[in-house]
Amino acid sequence: MEPFTTYTAIAVPIDEANVDTNQLCPTRFNKVPVGDKDYWKILMHDRRFNPDGSEKPEFILNKEPYRKAGIVVADRNWGGGSSRESAVYSLKAFGIRSVIASSFGDIHYSNCMKNGVLPAKLPQETVQELRKQLHENSGAEISIHLEAQTVTGPDGVAHVFEIPENPKYCLLNGLDDIARTQEHQDAINAFRTKHTNELPFLNPARSEL
Amino acid sequence: MNQPKTMFDKIWDQHTITQQGEETLLYVDRCLIHEGSRHSFDQIRRNGNTVAEPDKVFAFSDHYVPTINRDKGIAGVPDPKIRGMIELLASNTKEHGITLFGWDSPNQGILHVAGPEQGISLPGIVLMGADSHTATHGALGNVSWGAGASEITHVMATQTIWQRRPKTFRITVDGTLPFGVGAKDIILTIIAKIGHGGASGHAIEYAGSTIRALSVEERMTVCNMSIEGGGRAGSVAPDDKVFEYLDGRTYVPKGQDWDTALEFWKTLPSDKDATFDREVHLKAEDIAPMVTWGTNPEHGAPITDRVPSPADAATPEMKQELETALDYVGLEPGSAIDGIPVDHVFIGSCTNGRLDDLRAAAKVAKKGKAKVTAWVVPGSTPIKRAAEAEGLDKIFIDAGFQWRDAGCSLCTAINGEILQPGQRCASTSNRNFKGRQGLGSRTHLMSPAMAAAAAITGKITDVRKLG
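Computed from a predicted structure; not experimentally measured. (Residues numbered from 1 in each chain as written. Chains lettered and ligands numbered in written order. Predicted model: local features only at pLDDT ≥ 70, side-chain atom pairs only at ≥ 80, totals over all residues.)

Outline the overall build of chain A, listing residues and values.
In terms of regular secondary structure, chain A is built from 9 helices and 7 strands. Overall, the C-alpha framework of chain A stretches about 65 × 45 × 30 Å when taken along its three principal axes. Buried residues in chain A amount to 42% of all 209 residues. Put simply, 68% of the contacts in chain A that link residues at least 6 apart link residues at least 24 apart. (Helix = DSSP H or I, 4+ residues; strand = E, 2+ residues; numbered from the N terminus. Buried ≥ 20, exposed ≤ 12 C-beta atoms within 10 Å, placed from the backbone. Contact = placed C-beta atoms within 7 Å.)

If you want it as structure tokens, here you go:
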């Protein structure tokens, strides 16, 4: 995973609550393998493209300078709904490394962090204020400092966001969870033995007819 | 005396391997996957991992299987990309020694229907599924939640998962449900009350006399839509109904093991004085048949209500949200919900594809003939057989409904079965998001009885008026 330390990029304001993962990646694209050269087109595909494949010029992600955006500033409940990780793959493929919102769907929030995309939670008034600044100054940049847990808006004001400690460590160092877990292999093995002794009937192989 | 514990706390503590900062490493007893888990298999291959305990992973061909022409075999799936996803699950599970309920298995079904049906999901376990509706299994009294590909990869590679302990949230429903009101109406009422993201960060326990009076299958309907209220996990304490439901199923403990299991399962319900971080109470008497009018599941109202007006919205943001939603669904502010014409009816899904659901729909279907295209898609192949054994297929077919094979079908609309742009569907599924049932489709969520009523009248109809 690519480490996330500090990041400055053009931020795109998306003025909608409840942008669910179906909007981020329409279901029919779930089967596309990661790494497909057209993956960048999947992000909010049905908002960006007409059925004939032509672009909808009025949609904000199709406008300059937002075509080069690296950060999304959204509203509340970003990424609710389906657990599809393709929603995150499509953000990444478009070039988005961070989404700032006042709340996130729980599963999407985890999925982002597992893929090097930083979900930064800020109060509703703050995300509204940031979007206002971005609208007033199209192409303005936002800076994120993960170690300090700050989002600095176009006006230079820094806002502190919360992030759980372990995912933060993994993001900063570009570590994936499996490597971290394998450091606990002895504890896992010991637990498995204890668990099997305590609740032997949970072993599916014992029950199968 | 020990501190009183919730059921969630008991199961969580029993599965804790270690703690690091705010995260707990939990042991996972069961992992459920489907064709969409191709990303997890790709990751395992890329990382050079192996599947740690393949006998605790179960795979289901459900999202991509067609629900017609199955007798033509895999070659009969017209879209090569869809066919490829079904074949990929078969080859991936074979390579890693994982049990697959494949497209042609007599026990095939949607993971959240077939899992409990086979006895793979049990009380007291930690279960993770590669799908956001995994809370369904919580109806048996366990901790079940859905996850994305990376977390499922982690479970497959280690049989464990890192999680932050969610807060606990008890939703209590007491009283007797009025005539024509069922499990789907309960959960749609709860979601309308707490909001689409209302239980975010929480594990829900559903309790109260109304929940206790529900069948195990009906409890699954309630738990299923926990994620639509933002909760990753939702459960109900196990009781005799659950034990009776489980007894004799393929993967359920047998003989001496059954006795030991039963003793353990009876210790699971939340202690009498256990406290929850959050509580909500509802009265069953206040619940009416529910219908969603908008573009997310919190946009729901009783059938007797009207579509809300943006002009009445409390905030400018709500006004904009309502305007956008009503524009998409093509409804006038303030218009009656009862009487909205529909083009299509879908009865099925992991929310409402079980035998109880099909019985409820058939009871209404009997009263007339379908005026619009109406599909009945059982949640599993065994349910299809059981329904046929009691003649439900005949009732549906006589009433002009299509009786199809088991799968996710028009709920997730990824198997090639989709609505056309602008089409309006009365659906027993769980999501009414924009484009969920196909590009430009409009979805109204409701119970199986209400969906059947919409089929025979051609419009959204108060099922209670049909007698």
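Structure shown, so let's carry the discussion forward.
Can you explain the overall build of chain B? Please cite residues and give values.
Check the secondary structure of chain B and you find 16 helices and 19 strands. Relative to the 2.2 N^0.38 estimate, which gives 23 Å for 467 residues, the radius of gyration of chain B is 21 Å and therefore close to what a compact globule would have. Principal-axis analysis of the C-alpha atoms gives chain B an extent of 55 × 55 × 45 Å. Relative to its 467 residues, chain B shows a buried fraction of 60%. Sequence-distant contacts in chain B: of pairs separated by 6 or more residues, those separated by 24 or more amount to 77%. (Rg over C-alpha atoms; globule rule 2.2 N^0.38 Å.)

Describe unusual backbone geometry, listing the residues and the values that go with them.
In the segment running from E64(A) into P65(A), the intervening peptide bond is cis, with an omega of 0°. Inspection of the secondary structure puts P65(A) in the loop between α2 (45-48) and β2 (71-73). Non-glycine residue M44(A) carries a positive phi angle of around 50°. Assignment of secondary structure puts M44(A) in the loop between α1 (21-24) and α2. At S349(B), a residue that is not glycine, the phi angle is positive and equals roughly 90°. In this fold, S349(B) is placed in helix α12 (residues 349-352).

An account of the packing of helix α2 (residues 38-47) of chain B against helix α5 (residues 149-158) of chain B is requested, with residue identities and associated values reported.
All names here are of chain B. Between α2 and α5, the least distance of the axes is 8 Å, while the angle of their chain directions is 55°. Here α2 lies oblique to α5, going by the angle between them. For the pair α2 and α5, the crossing hand works out as right-handed. Taken together, the residues of α5 that come into contact with α2 (itself represented by H39, S40, Q43 and I44) are A149, S150, I152, T153, M156 and A157. (Axes fitted to C-alpha atoms, helices over the stretch in contact; angles between N-to-C directions. Parallel < 35°, antiparallel > 145°, perpendicular 65-115°, else oblique. Left-handed = near helix turned anticlockwise from the far one by under 90°.)

Provide a residue-level description of the sheet that holds strand β5 (residues 141-145) of chain A, including the pertinent values.
All names here are of chain A. Pairing in this open sheet of 7 strands is mixed, and the strands run β4-β3-β2-β1-β5-β6-β7 from one edge to the other. Each edge of the sheet is formed by a strand with only one pairing partner; in this case those strands are β4 (118-121) and β7 (158-160). Averaged over all adjacent pairs, the angle separating strand axes in this sheet is 25°, with direction ignored. Both strand β1 (residues 6-13) and β5 contribute to a ladder of 5 bridges, which runs antiparallel. What sits directly across from A9, in β5, is I142. (Pairing = 2+ DSSP bridges.)

Go over the pairing of strand β1 (residues 16-20) of chain B, please, and point to the residues and values.
Residue and element names in this part refer to chain B. Note: β1 against strand β2 (residues 23-27), 4 bridges, orientation antiparallel. Bridge pairing in β2 places T18 opposite L25. In textbook terms, the turn of a hairpin is the stretch between consecutive antiparallel strands, and for β1 and β2 this stretch comprises 2 residues, one of which, G21, has a positive phi near 55°.

Describe the sheet that holds strand β4 (residues 57-60) of chain B, with residues and values.
Residue and element names in this part refer to chain B. On the basis of which strands lie adjacent, the open sheet formed by 5 strands has the order β5-β4-β3-β6-β7 and parallel pairing. One side of each edge strand has no neighbouring strand; the edge strands of this open sheet are β5 (99-101) and β7 (143-146). Ignoring which end each strand starts from, the neighbouring axes of this sheet average 20° apart. The sheet contact formed by strand β6 (residues 126-129) and β7 spans 4 bridges and is parallel. By the bridge assignment for β7, V126 is matched with V143. Against the sheet, α5 contacts β3 (30-34), β4 and β6, and its axis sits at roughly 130° relative to β3.

Let's hear about the environment of F4(A): which residues, and what values?
Residue and element names in this part refer to chain A. The topology assignment puts F4 in the segment before β1. Put simply, F4 and P164 are 160 residues apart on the chain and 15 Å apart in space, counted from C-alpha to C-alpha. Residues contacting F4, with those up to four places away along its chain left out, are R97, G116, L118, L146, L171 and L172.

Lay out the nonpolar core with the relevant residues and their values.
Counting residues in hydrophobic clusters, the biggest one holds 153 residues, and the most contacted among them are V345(B), A361(B), A365(B), A451(B), A452(B) and A455(B). For this core, the leading source of residues is helix α16 (residues 448-457) of chain B, giving 8 residues. Once residues lying within four places of it in the same chain are set aside, the contact partners of A452(B) are I347(B), A361(B), V364(B) and A365(B). One finds A11(A), I71(A), W78(A) and A87(A) within the second-largest nonpolar core, a separate group that totals 43 residues. (Core = buried A, V, L, I, M, F, W, Y, C linked by C-beta atoms within 7 Å.)

Explain the interface of chain B and chain A to me, and be specific about the residues and the numbers.
In this complex, chain B contributes 63 residues to the contact, which on the side of chain A involves 49 residues. Those elements that provide at least two residues to the side of chain B that touches chain A are β1, β2, α2, α3 (80-96), α5, β8 (160-164), α10 (256-265) and α11 (316-329) of chain B. The biggest single contributor to the side of chain B that touches chain A is α5(B), with 6 residues. Of the residues assigned to the side of chain B that touches chain A, the class counts are 21 nonpolar, 24 polar and 18 charged. (Nonpolar A, V, L, I, M, F, W, Y, C, P; charged D, E, K, R; others polar.)

Got a sec to walk through helix α6 (residues 183-194) of chain B? Specific residues and values, please.
Taking 1.5 Å per residue, 12 residues should reach 16 Å; α6(B) reaches 17 Å between its end C-alpha atoms and fits that length. Turning to α6(B), its buried residues are A183(B), K184(B), D185(B), I186(B), I187(B), L188(B), T189(B), I190(B), I191(B) and I194(B). (Expected span 1.5 Å × (residues − 1).)

Just give me the short version of α5(B), but keep the residues and values in it.
Residue and element names in this part refer to chain B. With 10 of its 10 residues buried, α5 lies for the most part within the structure. Where α5 is concerned, the buried positions are A149, S150, E151, I152, T153, H154, V155, M156, A157 and T158. One or two steps after α5, the chain reaches Q159, where phi turns positive at roughly 60°.

Break down the packing of helix α13 (residues 355-365) of chain B against α16(B) for me, with residues and values.
Residues and elements named next belong to chain B. Running from amino to carboxyl end, α13 crosses α16 at an angle of 30°, the nearest separation of the two axes being 8 Å. The orientation of α13 relative to α16 falls into the category roughly parallel. α13 and α16 meet at a crossing whose hand is right-handed. Along the contact surface, α13 presents D357, A360, A361, V364 and A365, while α16 presents P448, A449, A451, A452, A453, A455 and I456.

Describe the confidence of the model for chain B, with residues and values.
Model confidence for chain B is summarised by a mean pLDDT of 97, while 100% of its residues fall at 70 or above. Note on the complex model: pTM 0.96, ipTM 0.93. (pLDDT = per-residue confidence, 0-100.)

How would you explain the environment of H344(B) if you had to name every residue and give the values?
Residues and elements named next belong to chain B. Tracing the backbone shows H344 in strand β15 (residues 344-347). The class for H344 is buried, based on 23 C-beta atoms found within 10 Å. Linking H344 and E323, residues 21 residues apart in sequence, is a C-alpha distance of 24 Å. Here H344 is in contact with V372, T373, L419, Q423 and C425, once residues within four sequence places are set aside.

How would you explain the environment of D312(B) if you had to name every residue and give the values?
Residues and elements named next belong to chain B. Inspection of the secondary structure assignment puts D312 in the loop between β14 (300-302) and α11. For D312, a count of 11 C-beta atoms within 10 Å translates into the label exposed. As a C-alpha pair, D312 and P333 span 21 residues in sequence and 9.9 Å in three-dimensional space.

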